[in-house]
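# Examining the three-dimensional arrangement
Spelled out from the first residue to the last, the chains are:
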Amino acid sequence: MFFPIFLVYALFLAGLNLGNNEISGFVFDGETGEKLPSATILIEGSYRGTITNNDGFFTITPGELPVVLFIRYIGYQSQQVEVHPDTQFPLEIGLQRSVTEMQEIVVTERDPGLSIMELVIERKKLWRAGLQTYQVDAYTRQLLSNDTSIVSITESSSIAYWDKDRGSREVQLSRKQTSNLSDDQNFAGVRYLPNFYDDNIEIAGYSLMGITHPNALRYYHFRLLETEQMDGKPVYKIEVTPRRTRQPLFEGTAWVLGRDYALLEVDLKPNDVVNFPPPVQDFNLTYKQQFSNYGGEYWLPVDMRIEGLIRIGMVGLRFPAINFRQVSRLSDYRINVNLPDSVYQTDEWLTRADSLTVEENRALVEPIPLSLEESLAYETIDSTKTLEEAFKPEGFLARMASASDESESSGIFLNIGGVIPDGLSPRGRFNRVDGYHLGLNFDRRFDKGRYRLKGFGGYSFNSSLWDYGGSANILFASIGNTRIHGFAGYENTTSTRYLSQFYSTGMNSIATVIGGDDYFDYFRNQSTFAGIEARRILPRLNLTVTGRREHHKNFEQDSEFDHSWFGWHKLRRPNREIVEGRLQSIGLEIGYNVSSNDFGFAGKRQAVIGAEFSGNSIGSDFDFTKLGLRLDWNMQTFYKRRLFANTLDLHLSAGTSVGELPLQRFGAIDGSLNYFTPFGILKTRRFVPYEGSRYWIAATEHNFRTIPFELLGIRPLVDRGWGIIIFGGAGYTDAGSAYPDDLMVTDGIHTEIGISLNSIFGILRIDFARRLDKPGTFIGFSVPRYF
């Protein structure tokens, strides 16, 4: 099998103009002729080396000749080959199998493999203490393939930097890829290259304890499988298995060089804890890495070989298997040298040298030779063979999407973007006061986002009123990272009497029109406003100051539109009247790390403090000061090494006021919107909020993820990503004696606890809540919590 491949490569090399002193050769089994892929070739007396490709072929360029090559392959005796200027290439290097020593089995409580790895860990502590920095030349090749063939190839040459305190960086020097990929789709590099001598290793977002971690003996079983002789030293083959079943760890094989007690090679893969929720159905990665001390004291990576398979699918949608292969070669180490500060001036792991140095498809620096299969892929893959086509999904959902695309492209369906001018979008809502409301919104940015204009207009068919208004936002100044915006506008519209932190009027429209209760009360508001917003005063800190002049007016009494599509609704409550008048106020809001509402899909770390002042001194009919606070905080608790650790989430919202706060400025604690119960509300408060001039709510939940089902051994639910969440909450509102008795305030402190079944089919969460201060249970649903 070896010799036909040798002849093909010989013909290839005959027409190749090799660089000065470039050495090429084959490494194979000296008895059978079988090729030996990933054999290590080192230049004696240096930190330079390479590995063979899948056909056992290698090239390497020394600075000058003669040199001595050191060839190593686990399970074979190493060999030294002296290369002179007149040596003929390619070299033919046949290795002889090493002798396996059959150990006498002695039954003891402590396996010899454990003692061997204990020595590896102790030796590592000694030599790692002196390793401060290194710089190394790197080459990486990545391949994607489907079930039938190679789909794409990317390659890169780079310089990698490692600093004990500052971590890793990489500067890409050159890159090359198949013609179906663009330059910016080339992600080949060693920036994510794990070093299996490290204490902790990041794999796909998980933090796995390495097999040479100081505490590895408490987390791994090490069992001696066999002992071989190589170059007069024993080589121990050790089986690695996890001791902990719910921690992300490795399993596989490690080879240890006796006397030095150093890792020679590892063949490891993450255990079953390293997985992903649906729609990922299968996720497998294996890692192989070799080490050498290059005749010195530090054991450093020679290469990294990764193979992976990912399957993605769900009911009605299935993608072809995605096969991934990566091979990386590290050579020409410079140990404990001063690294350039410039590569650490950015947090980016990968940077590219300036355009004068780096060019697409520039010649790669000492690449690992392509195999014949890979060379053929470069020749046959053209720009029409896209990744989208190679991994085209199957199933009825895929067919429906394809049919829709074809219909739109054929003109059966109108392209709405071609009918409605740019910046315009439809506007609609439904509530029990306005009835159906239809109109248009306008939103356009100009001068690269420096200017933004917004407007709206629409008609309400029950109240027979028009909504209309507009606003402008201008970027006034940029000072460092701080952006200062000014804004102003006018609106004549229907406003809600209390604000919800979670529900929009659009969401409430859907819930109401299908038969649910109308969550809000309403009034008419004619408002003029202006203000200044300073974004990123400090990292993630924003400040907004707003002045408002508003005229508030009630709707006509007994004018509600009692309607739903299916007639399922009960008689809805009357729309409560407000205190009419002119409200002029100044508001201040300070926000830290504020993000959009996602209904508890992901944990947040944000805080908002707000204040509003209104008084006769500024021409207002109302005299009050209102203060508000909101805090959301997410923290990891257990199994922190997992990609999705167990998490604890806290939500606190509170407000108070001084003076006579009008009803239309009351604060609110959210309850369920029909049966929708996101995190941060009182889930057993059904269909309406609590309101008050003073209020607070504290809610918390702990996401145990799949751990309870893992403990119970219910693997089908674990594999589907189903999890358990425990939650609780308490809230209180008060309006004082000056307000009507029938306001929606709490009767004491509302308290509740419950349990959730999370990530059902990857799209749903079901909450089972029980009220504690009064009898009552409630079942609701919301979006699953993932992060």
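Shown above is the structure to which this text applies.
Structure report, in brief. These numbers come from a predicted model, not from an experiment.

## Describing the pattern of salt bridges
Per the stated rule, a full pass over the model turns up 43 salt bridges. With its nearest N and O atoms 3.6 Å apart, the salt bridge here joins Arg141 to Glu155. Taken together, the residues span a long stretch of sequence, with Arg141 in strand β9 (residues 133-145) and Glu155 in strand β10 (residues 150-163) at a distance of 14 residues. By the burial criterion, Arg141 is buried, and Glu155 matches it. Between Asp767 and Lys683 there is a salt bridge whose closest N-O contact spans 3.3 Å. Residue Asp767 is located in strand β40 (residues 764-771), and its partner Lys683 is located in the loop between β35 (667-669) and β36 (690-692); the two are separated by 84 residues in the primary sequence. Of the two residues, Asp767 and Lys683, both sit in the buried class. Residues participating in the shared-partner salt-bridge network are Arg432, Arg497, Asp518, Asp521, Arg573 and Glu691.

## Some details on unusual backbone geometry
Omega for the peptide link from Leu65 to Pro66 comes to 5°, which places this bond in the cis form. Position of Pro66 among the secondary structure elements: in the loop between β4 (57-60) and β5 (67-72). A cis amide bond, omega 0°, links Phe89 with the succeeding residue Pro90. A positive phi angle is found at Lys448, which is not glycine, with a value near 60°. Within the secondary structure, Lys448 sits in the loop between β25 (435-446) and β26 (451-460). Since its relative accessible area comes to 89%, Lys448 is described here as exposed.

## Side note on the nonpolar core
Phe196, Ile211, Tyr220, Phe222, Val256 and Leu263 are the most contacted members of the largest nonpolar core, which totals 65 residues. Considering each element in turn, this core owes the most residues, six residues, to helix α2 (residues 112-128). Leaving out residues up to four positions away in the same chain, Tyr220 has contacts with Met209, Gly210, Ile211, Val240, Thr241, Pro242, Arg243, Leu249 and Phe250. Counting 18 residues, the second largest nonpolar core, distinct from the first, contains Ile41, Ile71, Tyr76 and Val83.

## A look at the sheet that holds strand β3 (residues 49-51)
Pairing between sheet strands relies on hydrogen bonds along the backbone, with the strands arranged either parallel or antiparallel. Spatially, the four strands line up as an open sheet ordered β3-β2-β5-β6, and their pairing is antiparallel. Whereas interior strands pair on both sides, the edge strands pair on one side only; in this sheet they are β3 and β6 (79-83). Along the sheet, successive strands turn relative to each other by an average axial angle of 20°, direction set aside.

## Details of the packing of aromatic side chains
The final tally for this structure, using the stated rule, is 31 aromatic pairs. Members of the aromatic cluster, connected to one another through ring pairs, are Tyr498, Tyr503, Tyr519, Phe520, Tyr522, Phe676 and Phe781. The ring of Phe529 carries the charged tip of Arg548 above its face, separated from the ring centre by 5.3 Å. Its end group placed over the ring of Tyr639, Arg642 keeps NZ or CZ at 5.2 Å from the ring centre.

Each value, and the rule that gives it
Residues numbered from 1 in each chain as written. Predicted model: local features only at pLDDT ≥ 70, side-chain atom pairs only at ≥ 80, totals over all residues. Heavy atoms only, no water. Salt bridge = Lys/Arg side-chain N within 4 Å of Asp/Glu carboxyl O. Helix = DSSP H or I, 4+ residues; strand = E, 2+ residues; numbered from the N terminus. Buried < 20%, exposed > 50% of the residue type's maximum accessible area, 1.4 Å probe, protein only. Core = buried A, V, L, I, M, F, W, Y, C linked by side-chain atoms within 4.5 Å. Contact = heavy atoms within 4.5 Å. Pairing = 2+ DSSP bridges. Axes fitted to C-alpha atoms, helices over the stretch in contact; angles between N-to-C directions. Phe/Tyr/Trp six-rings, centres within 6.5 Å; stacked < 30°, edge-to-face > 60°. Lys NZ or Arg CZ within 6 Å of the ring centre and 35° of its normal.

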